[in-house]
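# Per-entry structural report
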Amino acid sequence: MNTKYCHYLLTISQYGSLSAAARVLGISQPALSKVLSDLESQFGFALFLRYHHRMMPTAVGWNVLDYAQKILEEQRRMLLNMKAVTGDDRHQIRLCTAPNRAAMIYSHVYHDFSAQFPDISLQLIEHYASEQPGAIRRGAVDLAIGASPISNDVAGITFAREELLLALPASHPLAGHESVSLDQLRDIPFVLQGKKHNIRRIADSLFTRAGFLPLVAFESDDVFLVDAMLHQAIGAGFVSKIHVTPCDDLVYLHLDPPIYQMSIIRFSEDHRLSEAERYLAGLLIRHRLSDSRYEAIDNPEVDELLETVRTREPHMHPRMQPGVGGASTKEISLRSDVLRYMIAIEEAGSLGAAAEQCYLSQPAMSRHLRDMEQMLGTRLFSRSHNRLVSTNAGKIFVNDARNILRFESEMQKKIEEYRAGHGGHLIVHVDPLLLSTFETQCIPLFSEKQSGITVQLNEDTGGHAQEALLSASADIGLFLSRSADHPILDQTVLSQTEMMYVSASQNRETSAMPSPPFMNTGKPVRMMLAQSGTALRCEQEQLIYDYLSVQPKIVCEAEPSILVSLSGSGVADTILPCALMSPEQRSCAYPFPEKPQLYLILAVHPARTLPKAAVHLISAIHQVFGKYFAPETIPAER
């Protein structure tokens, strides 16, 4: 496989159309269609099916897309790391965060930023909030996200605030209060953050304002250790509302008056943020504000940064890959066989031995190496004592090439497992009303023709069966529906009947009372309905919604055969297919104005090539259900 094709598949999935994806990729629609067709032939399954004028992944397609994403992520990391070790990493943004939040923040913004600005790398630097202004003044940091205080000699954009709560042992007399003032806690020991932390700076100012020096039982720069000591209830402490971890030994009280810690984006006062820095700042702010525990602060500068993110992202494809050494996205195309050749060179230490191992001529192997280095814009191997040795870039390339090949192998294994599990049986989604007849009549007829093929039956109503067919996770659907047509699926009507309202009053002739009684009353009627989740129940509820002015009182939920029996006893009103009722019951049934039909549907996907065995099963279904709603047929299913 070619990593370029992974990019193609993800683009088709994102835009939902071959024409739109082809425009984004800069290739012709026929060329993209051929690539997709070739890949589907290679995998042996359709990867996309058309649904509501949109290309939707099949069950196998979702699996392939998942691995395509992993492969391209690995390629992105490979290229960025190679740039760093070859000195081509000239453009970078040095992002500074607090030590204990760095990894979390970096992991959330890295993907979006590198996809939008592939030629700019992010260097992560950790400093406490109190140290960030100094690092910015020294020119060691370009952009920082941290907490207050605001420094007068660096620029800052305040965008959120978080309340500081007082963690107090549950045994303390004030533990039952909602809030507490600090001067009420003069006699309790405290567990505090180290003096580098912004929360400690706020705490010290609060102690000064309250007029006492606290008894510090424990302090540490390690916030996780501070949190652990607080949970042992050895003293009181200050905790951001964001990081509250409830337990039986602690209570968290509001301070009176409330105290807040501000979130700030910092940068040099004389520095004008570049477009990339503005986008990064917007990502950081958006990530922080996605947590509802942070309270956003109204700030026009914040709105502008968030707008920078919003305006760029609709035009960005999330899988765009960065280039190396001037190579553009479209030029980076890693073929599986060539990746294996490069790995063979690294392991063998010579072109000749690698060529022999891969059944190539040495000139052919040399040509593949030359083309790969030219595409990447860097040397992968150098000669040392008559042996080819990996350069630093080469070591990164070979390591990540192995990862890419591993992902491809896992993807192929998943497809093979799907093929093995799918090839020995047919998957049919059947309406619960039809399941018993299908099991007792269709399966024996089918088994006479195809004894080696099993039929996996899933109980499903029409909507779920249609979704399963559209996603290629089902072969055949057999269900009830008031609609005979579908914009995508091939639906064959096997049988049909009219839905009618059955009155509990039986002493009448149909012609003597043209208007159904439920249309002439504003009172709720007593009704019996089919079991929840069945197709018949769905149709009954839809007709009730369409025609009853008052919600009925449901007095019974039962199987259709029981409803038919009870309706003849005058227990309550119901709605039933005409074909299920006896002639006497039909005389007590009122037709709806629009005479709604209930269809028995056999559905398949037209773009799906079914196994040959499916022909015999479809024939059996026609034989058994072709006259399902005929007057002489009154099913007694569960």
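Residues numbered from 1 in each chain as written. Predicted model: local features only at pLDDT ≥ 70, side-chain atom pairs only at ≥ 80, totals over all residues. Heavy atoms only, no water.

### Side note on the overall build of the chain
For clarity, the threshold we go by: Each helix corresponds to a stretch of at least 4 residues labelled H or I by DSSP, and each strand to a stretch of at least 2 residues labelled E; elements are numbered beginning at the N terminus. Three exposure classes are used, based on accessible area relative to the maximum for each residue type with a 1.4 Å probe and protein chains only: buried under 20%, partly exposed in between, and exposed over 50%. Between two residues, a contact is recorded if the distance between any of their heavy atoms is within 4.5 Å.
Within the chain one finds 20 helices and 23 strands. Going through the 638 residues of the chain one by one, you find that 51% of them count as buried. Partitioning the intrachain contacts of the chain with sequence separation of at least 6 by distance along the chain shows that 78% fall at a separation of at least 24.

### Some remarks on the pattern of salt bridges
Side chains that carry opposite charge are capable of pairing whenever their charged atoms lie near each other. The following threshold applies: When a carboxyl oxygen of Asp or Glu is within 4 Å of a side-chain nitrogen of Lys or Arg, the pair counts as a salt bridge.
Tallied over the entire structure, the rule returns 21 salt bridges. With a closest N to O distance of 3.1 Å, Glu-73 and Arg-76 form a salt bridge. Separated by 3 residues within a single helix, Glu-73 and Arg-76 lie in helix 4 (residues 59–86), roughly one turn from each other. In terms of burial, Glu-73 and Arg-76 fall into one category: buried. The partner of Asp-546 in a salt bridge is Arg-482, with the nearest N and O atoms 3.9 Å apart. Of the two residues, Asp-546 sits in helix 17 (residues 535–547) while Arg-482 sits in the loop between strand 17 (476–481) and strand 18 (490–502), which places them 64 residues apart along the sequence.

### Looking at the nonpolar core
Heads up, the condition is: What makes a nonpolar core is a set of buried Ala, Val, Leu, Ile, Met, Phe, Trp, Tyr and Cys residues whose side-chain atoms join them at distances within 4.5 Å.
Grouped together as the largest cluster of nonpolar side chains are 60 residues, with contacts concentrated most on Leu-9, Leu-47, Met-342, Ile-345, Met-372 and Phe-397. Met-499, Leu-543, Tyr-547 and Leu-617 belong to the second largest nonpolar core, which has 54 residues in total.

### Considerations on the side chain of Ser-481
The following threshold applies: N or O atoms closer than or at 3.5 Å make up a polar contact, with two conditions inside protein: a donor-capable atom paired with an acceptor-capable one, and, for residues adjacent in sequence, both atoms drawn from side chains.
Within the element layout of this structure, Ser-481 appears in strand 17. Polar side-chain contacts of Ser-481 include one of 3.0 Å to the backbone nitrogen of Ser-483. Not counting residues within four places of it along the chain, the set of residues in contact with Ser-481 comprises Glu-539, Gln-597, Leu-598, Tyr-599 and Ile-601.

### A few points about a negative patch on the surface
So the rule is basically this: Exposure above 30% relative accessible area and no salt bridge define the residues that can form patches, which grow by joining like charges within 9 Å and nonpolar side chains of Val, Leu, Ile, Met, Phe, Trp and Tyr within 5 Å. Accessible surface is estimated by sampling points in the Shrake-Rupley manner with a 1.4 Å probe; for residues, cover comes only from the protein chains shown. Residues scored as positive are Lys and Arg, those scored as negative are Asp and Glu, and His as well as the terminal groups of each chain are ignored. Where a charge sits is defined by one atom per residue type, namely NZ (Lys), CZ (Arg), CG (Asp) or CD (Glu).
There is a patch of like negative charges on the surface, built from Asp-298, Glu-301, Asp-303 and Glu-304. The residue Glu-304 is located in helix 10 (residues 300–312) in this model. With relative accessibility at 45%, the residue Glu-304 sits in the partly exposed group.

### Describing unusual backbone geometry
With an omega dihedral of 5°, the bond running from Asp-256 to Pro-257 counts as a cis peptide bond. Positioned with a positive phi, Ala-233 is a non-glycine residue whose angle comes to about 60°. Along the polypeptide, Ala-233 turns up in the loop between helix 8 (223–231) and strand 10 (237–240). Taking relative accessible area as the criterion, Ala-233 reaches 28% and is therefore assigned partly exposed.

### Considerations on the pairing of strand 18
The cut-off we apply is this: When DSSP finds two or more bridges between two strands, those strands count as paired.
In terms of strand pairing, strand 18 meets strand 23 (residues 597–604) through 8 bridges, oriented antiparallel. Considered in strand 23, the bridge of Glu-498 is made with Gln-597. Note: strand 18 against strand 21 (residues 573–577), 4 bridges, orientation antiparallel. The residue of strand 21 that forms the bridge with Val-502 is Thr-574. In terms of strand pairing, strand 18 meets strand 22 (residues 589–591) through 3 bridges, oriented antiparallel. Each residue of the ladder has a partner; that of Val-502, found in strand 22, is Ala-589.

### Some remarks on the packing of aromatic side chains
Aromatic ring pairs are defined here through the distance separating the ring centres and the angle between the ring planes. Heads up, the rule is: Two rings from Phe, Tyr or Trp (for Trp, the six-membered ring) form a pair when their centres are within 6.5 Å of each other. A pair whose planes differ by under 30 degrees is stacked, one over 60 is edge-to-face, and the rest are tilted. When the NZ atom of lysine or the CZ atom of arginine is within 6 Å of a ring's centre and also within 35 degrees of its normal, the charge is said to sit over that ring.
The tally for this structure, following the rule as stated, stands at 13 aromatic pairs. Ring centres 4.9 Å apart and planes at 40° place the aromatic pair Tyr-547 and Phe-592 in the tilted group. With a gap of 45 residues between them, Tyr-547 in helix 17 and Phe-592 in the loop between strand 22 and strand 23 connect regions that are remote in the sequence. Each member of the pair Tyr-547 and Phe-592 is classed as buried. Here the aromatic cluster, defined as three or more aromatic residues joined through ring pairs, consists of Phe-190, Phe-207, Phe-212 and Phe-238. Directly above the ring of Tyr-279 sits Arg-312, whose terminal nitrogen or CZ lies 6.0 Å from the centroid. Positioned above the aromatic ring of Phe-407 is the side chain of Arg-406, whose terminal nitrogen or guanidinium carbon lies 4.7 Å from the ring centre.

### Overview of the confidence of the model for the chain
Rules: Summary of the metric used: pLDDT quantifies the predictor's per-residue confidence within the range 0 to 100.
In this model, the chain carries an average pLDDT of 83, and 88% of its residues clear a pLDDT of 70 or more. Highest mean pLDDT in the chain belongs to strand 8 (residues 189–193) (94); lowest belongs to helix 5 (residues 102–116) (69). The model gives residues 315–330 a pLDDT under 50, and that stretch makes 47 contacts with residues more than four places away or in other chains. Confidence drops under pLDDT 50 across residues 632–638; counting only partners more than four residues distant or on other chains, this segment forms 19 contacts.

### Observations concerning the packing of helix 9 (residues 275–289) against helix 10
Worth spelling out the cut-off: Inter-axis angles, ranging from 0 to 180 degrees, are taken between N-to-C directions of lines fitted to C-alpha atoms, where helices are fitted over the stretch in contact. Each angle gets one of four labels, with under 35 degrees taken as roughly parallel, over 145 as roughly antiparallel, 65 to 115 as roughly perpendicular, and the rest as oblique. Each residue is assigned to one class: nonpolar for Ala, Val, Leu, Ile, Met, Phe, Trp, Tyr, Cys and Pro, charged for Asp, Glu, Lys and Arg, and polar for all the others, Gly among them.
Taken N-terminus to C-terminus, the directions of helix 9 and helix 10 make an angle of 100°; their axes are 8 Å apart at the nearest point. As summarised for this structure, helix 9 and helix 10 are arranged roughly perpendicular, according to the angle between their axes. Here Glu-275, Arg-278, Tyr-279, Ala-281, Gly-282, Leu-283, Ile-285 and Arg-286 of helix 9 lie close against helix 10, whose contacting residues are Val-302, Glu-304, Leu-305, Leu-306, Thr-308, Val-309 and Arg-312. Classifying every residue of the contact of helix 9 with helix 10 gives 8 nonpolar, 2 polar and 5 charged.

### A word on the side chain of His-486
For His-486, the location among the structural elements is in the loop between strand 17 and strand 18. At a separation of 3.1 Å, a polar atom in the side chain of His-486 contacts the main-chain amide nitrogen of Leu-489.

### Describing the packing of helix 1 (residues 3–15) against helix 3 (residues 29–43)
Look at helix 1 against helix 3: their axes get within 11 Å of each other, and the N-to-C directions meet at 105°. On the basis of their axis angle, the class for helix 1 and helix 3 is roughly perpendicular. Contacts from Tyr-5, Tyr-8, Leu-9 and Ile-12 of helix 1 reach helix 3 at Leu-32, Val-35, Leu-36 and Leu-39. Among the residues making up the contact of helix 1 with helix 3, the classes are represented as 8 nonpolar, no polar and no charged.

### Focus on helix 3
The condition that has to hold: Working rule for helices: expected span equals 1.5 Å times residues minus one. It is the directions from the helix axis to the C-beta atoms whose arc is reported.
When the terminal C-alpha atoms of helix 3 are compared, their 21 Å separation across 15 residues agrees well with the 21 Å that a helix rising 1.5 Å per residue should span. Buried within helix 3 we find Leu-32, Val-35, Leu-36, Leu-39, Glu-40 and Phe-43. Projected down its long axis, helix 3 carries its buried residues within an arc of 130°, all on one side. Those residues of helix 3 that are exposed and aimed more than 90 degrees away from the buried face are Pro-30, Lys-34 and Ser-41. Backbone geometry just downstream of helix 3 places Gly-44 in the positive-phi region, at approximately 85°.

### Topic: the pairing of strand 6 (residues 154–169)
Buried residues dominate strand 6, accounting for 14 of its 16 residues. In this sheet, strand 11 (residues 250–268) lies alongside strand 6 in antiparallel orientation, the contact comprising 15 bridges. Of the residues in strand 11, the one forming a bridge with Pro-169 is Leu-250. For strand 6 and strand 12 (residues 295–296), the ladder comprises 2 bridges, and the chain directions are antiparallel. For Ala-160, the partnering residue across the bridge sits in strand 12 and is Ala-296. In the sheet, strand 6 pairs with strand 10 via 4 bridges, with the strands oriented antiparallel. Residue Leu-166 lies in a different strand from strand 10, and its bridge partner there is Phe-238.

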